Structure formats: C-alpha cells, structure tokens
Amino acid sequence: MSSRCRQFCSSFLLLVSANAGCIVENSICYVDTPARILGSENVALGPITPEYCAQLCANGKFRLAGTENGGECYCGDKLNTDKPKAAQSCGTACTGDSSKKCGGVWFISVFEVKCSGAPEPPPKVQPELVNPCFKTPFSQMPFCNATLPIDTRVADAISRMSLTEKIGALGTNTPEIKSLGLPRYNWWSEASSGVQSARNTQTTKFPFPITTGMSFNRSLWKLVGRQIGREARAAMNTGNAFSTFWAPVINLAREPRWGRNIETPGEDPYLTGEYAENFVQGFQEAPEDPSHIQASACCKHYVANEMESTTQADGEHHDRNHVDSAVSMQDLVDSYMRPFQACVEKGRVSSLMCSYNAVNGVPSCANDWLLQTVARDNWGFDGYITSDCDADADVYKSHHYTSTPEEAVKAVLNAGTDIDCTSFVPTYAQSALDKGLISVQDIDERLKMLFRVRMRLSHFDPKGPLDYIPASAICSDYAMQLSHDAVQQSASLLKNMEQTLPLQKDRVGTVAIIGPNWNLSKSDAGYYGPSHPCGRFFTLVDAVSKGGQVKTESIAGVPSVLSEDQSGIDAAVEMAKKVDTVLLAVGTDLSWAAEGHDAKNISFTTAQSVLIQRVAAAAKKPVVIVMFTAVPLDISEILANPKVGAVLHLGQPSVAVMGIAPILYGESSPAGRTIQTIYESAYQDQISIFDFNMRPGPSTFARPDCTNQDASQCPKGTNPGRTYRFYTGKAVIPFGFGLSYTTFRYSLATVPKSLSLEPLGDLLTSDLFPRSAQLQSTMSRSNWKEQAQYAVRVTNTGDRDADDTVLGFLIPPDAGRDGIPLKILFGFQRVHVKAGATETVWLYPSMLDFATVGKNGQFKTHPGEYRVQFGIPETVPFGMGFAEDKLSAMPTVAYV
C-alpha cells in the first residue's frame, strides 16, 4: 500500500468512525404520564446512553427516541399527545454513562433518531454494587470488620465521609462516596410483582397482589416474596441490581375507585397485615443466611394514602400530592395503620415509605408522631424511611407546611425521614446548615439508618451464601410454575349455573374469546413489575388454547375497556353464533385506574354492557365471563342474566394468566375468595373518594353526582360505610365470596363457650398500639390459644377433590353501633379435601379481636356475646360450607 493510499485510507477510516453510530442533539424535556407520551414500552434491555437509545429506536425504524429515569428508552414516530408539557427536570444520570443525562422520574428527554454507519455499541458499565472491603486500604478499616458490632461499623463509616458526601447520601441516587470506596447507589427499585428493573434483565412476572390476595394462602405469599427476593439477589450478584426494593404496597383497598387497588392484597386490615408479614419475610429472609437480608423490602405508603387524583362533577379536585387526609384517630388506628404495624413487628421489614399526603394537617414525611413515636418507638422499627418521590419537596411546595425549602429539610429530617426520593433534601441541606436550621449531627442520625441497612445487606462483609445465588435462579422453571400457581390458587368463582364450568376439553369445540381484555398482558406487565418478563406475553387466548390443543378465535368487540365505540359488536356477535363455546374477557385495565388517576366509574361502560348482553344472547350456550379488574365493578346485571353461565374473577394476573387453564378445564377447582366488597354502582354517587372515613355517617364533601360548579350549593354526601367491616348497604358480592366445583359442609368439633378478657385489660393500659410480642406473651401466659381455639371439620360432600378456604369471622356485640365493626375477619386457612373426606382446620381469634378502638384511638376491651362464623352465609345456597356459634367474652375470669 502506497504512503498516499495509507494517508487517504486512514483519513477515510477516521471520517467513517467519526460519523458512525448515533448523534443526539436538540433534545426536549417533557412531562411523561403512565400512558406514555412516546411509544408504549421501555425497549431497553440493559444500561443505556442517549446514543444507544437512539440506536435501539433506529433498529425499529422509528423517527423519535426518548430517555427516562436514567435507564428507560422509548421509541415512536411522533408523540402520543398534541400538547406535551415541557419541563426542565431531565437531569438523571444515564445507567450506561453517569456523565450523560437520560430524562428523569416521569420526565422524558425526546430527540430525533440520527444514526449512520456502524451501529452504536451498547455501553460498557461497572457492576451496580461494589464491596470496597475486598480491597485495600478499605479492607483494613473498622467499617469492613464484620466481627465488630454493627453500630460501631456504621459510626466508623459515617465518620470518614466528607460533608459533601453526607449531604449527597441523603438523596435516592446517592453519588459516589470516595472516602468509603463506594460507587453511586440508587435506593429506588421496584418489585411488587417481580423485579422491575435489573438493568432490564428478564425476570419472573407474578400476578398483581389484587389477585394473589384472593388465595388467602400465607405459604403462597411467602414463596412469591422469597422468589422475587431471590431473583433480586441473583441480579445483584451479576452486577445488574441494587439491593433496596420498594414493595409491598399495604394500603387498604378501602375505596373501589382508588387507582392503586391493583397493587394491594385487599380491603381488610388483618388480611393485609398477614400478607405483609409473609411477603416481607419471604423477600428478606433467606434460610441459608439468617444473619443477613436477602434483599430489602419496603412497606408503603405510610399512611392513609388511598387516593390518586380525582375531579368530581362539581369541579372539586384533589390529588395525592396536595391532599390532607382528614382521618379520625379511630379509623387511623383501627384500619389504616394496622397493616403497617404487622409489617414492622411481624414482617421485620427494613424500610417504610412515608406518603405524599398530609394526615390531619401534617405531611406524612414531616410527621414525627407517625415516623418516630409510633413506628420507631412504639413498634420498634429498625430500618430506613424513604419519602415517596418528591414527597419531601411536597412538604414545602404542595402542602405549604413550611415557609422555606430549608425549613422543610429540617422538618423531614427531624421527623425521621432518612432518604429523599429524589433530590430536594440534598439540594437544600447545605443552605439549611448555613442558616442553623439543622446540624451535621441531624444528618448523621439519618445516615446511621441507611448504613445499618446496607450492613445488614452484607455490602461490607466477606462473601457469604447469598453472594452465590446464581443468575439461573431468575426465570427458572420453578419460578414460572409458581407464578402460574398463584393465579390458579387465587381465581374466585362468583357464578356457576348448571355446571357451565369447568369446560370439557374434549367437548368444548371451538372457543371464542371475545372482549377488550382478550389480549390483556403486555400493557400492564411492567407496571411495578418486570419491564421484561421471562417467557412470552401470554394472554387468556393462550390459556384457553392449551398449547394448541383447543381451537380458538378472538375478537375485541369494543376497542378498549373505556371505549364507547360499539361498531365492532356485530362482528363479535357473528363469531359467537358460529363457535361452540364463548368466553367474554371484560373488566378494566390500567387506563381505567392506576397510579396517578382514580377510577371514574364502578360500572361497566355502556359498550361493554351491550357487548356482554348481545354476545350472551347470540351464543349457542351460556357464556363464561372472565373478569380482569382491580376495580370492583357492579356485576348485578351479569349475575341476573340467565345466558351468563359462569363468572370467574381473576383480579389482574397479567402474563401469569396461563395459570387459569387448570381451573377452566377442571384439573383443579377454584378456591379463591373475594378480597373487595362489590358495591352497587349507586355507591359512587353517595360518597366522595375524598372522604377518608371508614365508618358510616354524614360527609363533609359534596355528593359526587352533583354537577353544580358551585360546590357549596351541592348536597353533602352520606358515607354508607367502607369495606365489609362498616358497609351498611347490601353488597352485590360480599367480601369472602367464592364458589367451588364441589360442595362442602362445615361442623364444629371444638367449641369454646366463654373467655376471660381480664389479661387483655391489663395489656391495654400501656401503649397506644399494643405490641405484637406483648400480645403473644399475654396470650401464652393465659393459655389463650387452648381456650379460644375452634376445630372446624370440613367435609367435601361432592365428587371432586378440591381446596377449600375457611374464613373465620367475629360479629361483636352491638355490631354497627357507636363505631363498632359489623364483622371482623380473625383467621383463615386453606385446606385440600379429597372427595368424600373430612379435614380439620384449627382457627382461633386473637385476644385483641375482643377490643374496640374508641374515637380517641385508644383500645378498650369489648365484653359481651359474640357470634362466631366460619364461611359466609351468602354462599350456602351454592353448596359451600358454613357454621356459626356464640361465644361469651367476659371481663373477668370465666369458669367453664
């Protein structure tokens, strides 16, 4: 090669190299929404930069690309809205290169795709977690000495940090701490239904808690939590994840319109507390290493946060960032806080999240009574408290609780909020120091909580059993089967006329799956769960087809769950006429209710109602309704329609819907029970979602159906009571309802007749919240279990082996009067019973179930005659078990 050629070729190669890949320029920052203003799904499968996001979009031949939240990439040819809202908050460091910016939290940086030449290579990145104690000089420092007490190690670590490092460590996306050899650390990861983002590694998607709660199976909840936590640790070990996950959601589904019911295990505080205990224990506690946390769980949102954003017909608007939840102490203690106490005391959770809202005038993240007096001092919480994202900023900006940002920093730090999601506290902490509002010691106190958790996560310890959990633990056959089992165990049968279900696979013929949710899967999979779930995006069609064994056809009939377009119903009717069997996939999806927006309606759209009526009328035999919803829709018309043979309620199973196949085809029998009261649609006109009272009575808010734009002229609503514990109306479907393919009979073999509440009276003289350990100790000393235990004999009187779920309820004396609950769930147990056989279930109420909470929030004994029920009477006509008895609770010692 001549020198001239070499010179020319070198210049040419340099020019090609310079022009290869992708160029990002003129990006614009916009506010994003859950519906997404660009594309519909995150296409990143690993760390990103703006250039690499552009390449991913170029691969799909899209014109626009957008980065968000540091590691998400969205593609499209145009924005999904004509009026995007510009912003200036796209400053989050990219996961693939921290020197570059990739949008923000619900802020998307959008730019044109300009790629040419050789493809832009994926960024090379360091592991998310680095243990500095594996190298000198840090290995010789006391904070790396695993034999020292944890508090000594924590104090040593904090003492080595500069003030700049300390302030930076108060934010979610903690910068590098050079003094400790630590790279950046992000405290925020999600895992309510599977690890959401492990550098976008594929992870197992489990059904949403609004589904798994219906299983009433503690073992299932613990196994699901353990598998998610195990996948989290495996992702950490491969360098693809951090260690702190903000799950589970244990707010009550107290309001059918609340947008985030999908993330909860139901409306009952005891049930939700049991879920929290078992999910968290499974998530955090690995049998192979009891000394460390497998992955850190976080119970959220503390507290009374059950509203997103609603504008009533009269124009009154409230949202979670601004609302001051006016809650009586009676309801706060008796309902809203009980699951959090269980999560802390029994679940041993390592994190709590303070919520956006204020509670009775004080923002949650600045509420020292909630965070310090109750959580830490009374319940013994040992962990860190994070704000919800920008909730610390809301203390100043939305609630106007303080006059300056610096005063807000003082308020949240003094209250006990340890980490700020996202950056408000780090931004104003130095100014607060300069003004003498806070001290370095105040900062150190918060850092102690953070480093205690990181020590418990083994971030500074020699390698142990948890560090050897392999990547093969993710998306394993076991994990996939567990995900499907969770749906199978949770499905609730609400109607089954003349044995419409189960389907006979050899006689079902061609099956049509009709309705807007026929392919519901992909659109909700990444919602607080895996962005990239393992396997395919399975739908109800896949479950029905049984791997191609059953011929299926499908059609939406109406375009979407909220659409009123009925133009496609005729085609759906024609399909229903031709096929042998029809399943209607109806209900809601995230467009109906989700984070950021509450449901506007608890009734089917007119289009869905017409679709159901016309398809059912046209079908050759009674149809099966498969309900996909976290919003408890009024199904009165469906239950009354003789052409609807069965109603199967699934909650929101997402891609795990394959687990419903064994139920549909009779390989197992449904044993799920409803965890939400299904109200008549008139409920939504009686009481505003803004009213947080649980007990019935007059409301201070206008009736939601009033259209007068002068709200003062609207009649006030009336609260009929919320949840089965207080609802005074007749439910369409009550809490705890569920049918089976077989029949059951209950009888009581062991029946207590009277109990002494004297030990309970002694217990209630101390703390505001009786501690779980003290309660257990008191019950143990008084032989409570032996005295209060019921033996329920469950007989399968049918011809099919099946699970049954036995629920135990107390009906207190004076139920429904003076704030006393109508009914209380005190226990539950799932049991498998062979056809013709009998199994015994042992259940007993807690001593605290015989106390009521007064208007001042204080517990007091409630003696008198209780009715004890097993099962619910509404299912007796359908062959389900039920038994009841009376129990006398005496204020002093009873002799039996």
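Structure: above.
Within each chain, residue numbers correspond to sequence positions counted from 1 in written order. For a predicted model such as this one, the threshold for reporting local features is a pLDDT of at least 70, and the threshold for listing and counting side-chain atom pairs is 80 or more; totals across whole chains, interfaces and linings nevertheless cover every residue. To obtain the side-chain values, all non-hydrogen atoms of the structure were included, while hydrogens and water were left out.

**Some words on the overall build of the protein chain**
The test is simple: What counts as a helix is a DSSP run of H or I of at least four residues, what counts as a strand is a run of E of at least two, and both are numbered from the N terminus. Between buried and exposed lies partly exposed: a residue is buried under 20% and exposed over 50% of the maximum accessible area for its type, with that area taken using a 1.4 Å probe on protein chains only. When checking whether two residues touch, look at their non-hydrogen atoms; a contact exists if any pair is within 4.5 Å. Calculation of accessible area relied on Shrake-Rupley with a 1.4 Å probe; when residues are assessed, cover is drawn exclusively from the protein chains displayed. Charged residues are defined here as Lys and Arg on the positive side and Asp and Glu on the negative side; His and the ends of the chain fall outside this count. Here the site of a charge means atom NZ of a Lys, CZ of an Arg, CG of an Asp or CD of a Glu.
Counting its secondary structure elements, the protein chain contains 26 helices and 34 strands. When its C-alpha atoms are laid out on the principal axes, the protein chain stretches across 100 × 70 × 60 Å. Classification of the 896 residues of the protein chain by burial places 60% in the buried group. Of the contacts made within the protein chain by residues no fewer than 6 positions apart, 78% connect residues no fewer than 24 positions apart. Approximately 33,400 Å² of the protein chain is accessible, and the part contributed by carbon and sulfur atoms is 50%. Here the protein chain contributes 79 positively and 92 negatively charged side chains, and the mean placements of these two sets differ by 4 Å.

**Some points on the pattern of salt bridges**
We apply this condition: The term salt bridge refers to a side-chain nitrogen of Lys or Arg lying within 4 Å of a carboxyl oxygen of Asp or Glu.
Evaluation of the coordinates by the stated rule reveals 46 salt bridges. With its nearest N and O atoms 2.7 Å apart, the salt bridge here joins lysine 546 to glutamate 667. One end of the pair, lysine 546, is in the loop between helix 17 (540-545) and strand 19 (552-555); the other, glutamate 667, is in the loop between helix 21 (661-664) and helix 22 (683-686), with 121 residues separating them in the sequence. A network of salt bridges, in which partner residues are shared, links Arg260, Glu263, Glu308, Arg320 and Glu595.

**Some points on helix 25 (residues 772-781)**
The line we're drawing: As used here, the arc is the angular range of directions from the helix axis to the C-beta atoms.
Considered for burial, the residues of helix 25 that qualify are Ser772, Leu775, Thr778 and Met779. Seen from one end, helix 25 has its buried residues packed into an arc of 125 degrees, which puts them on one side. Away from the buried face of helix 25 by more than 90 degrees, exposed residues Ala773, Ser780 and Arg781 are located. Of the surrounding elements, those touching the buried residues of helix 25 are helix 9 (338-345), helix 24 (758-763) and helix 26 (784-788). Asparagine 783 sits one or two positions beyond helix 25 and adopts a positive phi of about 55 degrees.

**Quick notes on helix 7 (residues 269-284)**
The cut-off we apply is this: For a helix, the expected span equals 1.5 Å multiplied by the number of residues minus one. Think of a polar contact as two N or O atoms within 3.5 Å of one another; within protein, one of them needs to be a possible hydrogen donor and the other a possible acceptor, and neighboring residues in sequence only count if both atoms come from side chains.
With 16 residues, helix 7 extends 22 Å from end C-alpha to end C-alpha; this agrees with the ideal 22 Å at 1.5 Å per step. In terms of burial, helix 7 is a largely internal element, 16 of the 16 residues being buried. Where helix 7 starts, the residue carrying a side-chain oxygen 3.0 Å from the main-chain nitrogen of tyrosine 270 turns out to be aspartate 268.

**Details of the state of the cysteines**
Condition: In this description, the term disulfide denotes a pair of cysteine sulfurs within 2.5 Å.
Taken as a whole, this structure holds ten disulfides when the rule is applied. Covalently, cysteine 94 is tied to cysteine 102 through a disulfide, its sulfur atoms 2.0 Å apart. Across the S-S bond linking cysteine 94 and cysteine 102, the dihedral sits near 95 degrees, which makes this disulfide right-handed. For the pair cysteine 94 and cysteine 102, a shared accessibility class is recorded, and that class is buried. Across a sulfur-sulfur distance of 2.1 Å, cysteine 354 and cysteine 365 are joined as a disulfide pair. Of note, the bridge from cysteine 354 to cysteine 365 carries an S-S torsion of about 105 degrees and is right-handed in sense. Taken together, the residues cysteine 354 in strand 13 (residues 351-354) and cysteine 365 in the loop between strand 15 (362-363) and helix 10 (368-378) connect sequence positions eleven residues apart. Cysteine 365 matches cysteine 354 in its accessibility class, with the two residues each being buried.

**Re the packing of helix 3 (residues 150-159) against helix 14 (residues 440-456)**
Condition: Axis geometry follows a simple rule: fit a line to the C-alpha atoms, using only the stretch in contact for helices, then measure angles between N-to-C directions, giving values from 0 to 180 degrees. Any angle that falls under 35 degrees is termed roughly parallel, while one over 145 is termed roughly antiparallel, one within 65 to 115 roughly perpendicular, and all others oblique. The crossing is said to be left-handed when, going from far helix to near helix, the turn is anticlockwise and less than a right angle, and right-handed when the turn is clockwise. When residue character is reported, Ala, Val, Leu, Ile, Met, Phe, Trp, Tyr, Cys and Pro are called nonpolar, Asp, Glu, Lys and Arg charged, and the others, Gly included, polar.
Their axes nearest at 9 Å, the elements helix 3 and helix 14 cross at an angle of 120 degrees. For the element pair helix 3 / helix 14, the angle class is oblique. In the packing of helix 3 onto helix 14, the handedness of the crossing is right-handed. Each of Ile150, Asp151, Arg153, Val154, Ala157 and Ile158 in helix 3 lies in contact with helix 14, whose residues at this interface are Asp444, Leu447, Lys448, Phe451, Arg452, Met455 and Arg456. Among the residues forming the contact of helix 3 with helix 14, the class breakdown is seven nonpolar, no polar and six charged.

**Concerning the pairing of strand 13**
Using the following cut-off: For two strands to be treated as a pair, DSSP must find at least two bridges joining them.
What you see with strand 13 is no split at all: Ser351 and Met353 on one side and Leu352 and Cys354 on the other are buried throughout. Two strands pair when backbone bridges link them, and strand 9 (residues 299-302) and strand 13 are joined in this way by two bridges, in the parallel orientation. Within the sheet, the bridge partner assigned to tyrosine 302 lies in strand 13 and is cysteine 354. Looking at chain direction, strand 13 and strand 16 (residues 384-387) are connected through four bridges and run parallel. Among the inter-strand pairings, cysteine 354 is bridged to a residue of strand 16, identified as serine 387.

**Quick look at the nonpolar core**
The line we're drawing: Nonpolar cores were defined as sets of buried Ala, Val, Leu, Ile, Met, Phe, Trp, Tyr and Cys residues, with membership established by side-chain atoms within 4.5 Å.
Judged by nonpolar contacts, the single largest core of 246 residues is most densely connected at Phe451 and Ile660. Contacts of isoleucine 660, omitting those with residues within four sequence positions, involve Val487, Ala491, Leu540, Ala543, Leu648 and Leu650. With 15 residues, the next largest nonpolar core counts Ile48, Cys53, Cys73 and Cys102 among its residues.

**Some thoughts on the environment of glutamate 51**
Here glutamate 51 is to be found in helix 2 (residues 50-59). Given the relative accessible area of 16%, glutamate 51 is considered buried. Placed 274 residues apart in sequence, glutamate 51 and serine 325 show a C-alpha to C-alpha distance of 44 Å. At 3.1 Å, the side chain of glutamate 51 forms a polar contact with the side chain of lysine 100.

**Concerning the environment of tyrosine 270**
Note on placement: tyrosine 270 falls in helix 7. In this structure the C-alpha to C-alpha distance between tyrosine 270 and proline 339, which are 69 residues apart in sequence, comes to 6.8 Å. Excluding residues that lie within four positions of it along the chain, tyrosine 270 makes contacts with Arg218, Arg338, Leu825, Phe826, Gly827 and Phe828. There is a polar contact of 3.1 Å between the side chain of tyrosine 270 and the side chain of arginine 218.

**Some points on the sheet that holds strand 17 (residues 492-496)**
A sheet is described by the order of its strands in space; here six strands give the open sequence 17-22-21-20-18-19, paired in mixed fashion. The open sheet has two edge strands with one neighbour each: strand 17 and strand 19. Strand-to-strand twist across the sheet, computed as the mean angle between neighbouring axes with direction ignored, equals 20 degrees. Taken together, the five bridges between strand 21 (residues 623-628) and strand 22 (residues 644-649) define a ladder with parallel strand orientation. Within the sheet, the bridge partner assigned to valine 624 lies in strand 22 and is alanine 646. Most of the contacts of helix 19 (residues 606-618) go to strand 20 (residues 581-587), to which it runs at about 170 degrees, and overall it touches strand 18 (511-514), strand 20, strand 21 and strand 22.

**What about the sheet that holds strand 27 (residues 790-796)?**
Strand order in the open sheet formed by three strands is 25-27-30, with antiparallel pairing between adjacent strands. The strands lining the two open edges of the sheet, one partner per strand, are strand 25 (744-750) and strand 30 (838-843). For this sheet, the mean angle separating the axes of adjacent strands, direction not counted, is 30 degrees. Here strand 27 runs beside strand 30; their pairing, made up of six bridges, is antiparallel.

**Focus on the packing of aromatic side chains**
This is how it is decided: To pair, rings of Phe, Tyr and Trp, with the six-membered ring standing in for Trp, must have centres within 6.5 Å; the planes then decide the type, stacked if under 30 degrees apart, edge-to-face if over 60, and tilted in the middle.
Throughout the structure, instances matching the rule amount to 33 aromatic pairs. Geometrically, the ring pair formed by tyrosine 336 and phenylalanine 692 is tilted, given 6.3 Å between the ring centres and 45 degrees between the ring planes. Residue tyrosine 336 is found in helix 8 (residues 329-336), and its partner phenylalanine 692 is found in the loop between helix 22 and strand 23 (697-702); the two are separated by 356 residues along the sequence. Ring geometry for phenylalanine 737 versus phenylalanine 878: centroids 6.2 Å apart, planes at 75 degrees, classification edge-to-face. Taken together, the residues span a long stretch of sequence, with phenylalanine 737 in the loop between helix 23 (723-726) and strand 25 and phenylalanine 878 in the loop between strand 33 (864-870) and strand 34 (883-890) at a distance of 141 residues. In this structure phenylalanine 878 comes out as partly exposed when scored by relative accessible area, which is 49%.

**A short note on the environment of glycine 464**
Relative to the helices and strands, glycine 464 resides in the loop between helix 14 and helix 15 (477-490). Of the residues examined, glycine 464 reaches a relative accessible area of 15% and is grouped as buried. For the pair glycine 464 and histidine 292, spaced 172 residues apart in sequence, the C-alpha separation works out to 9.2 Å.

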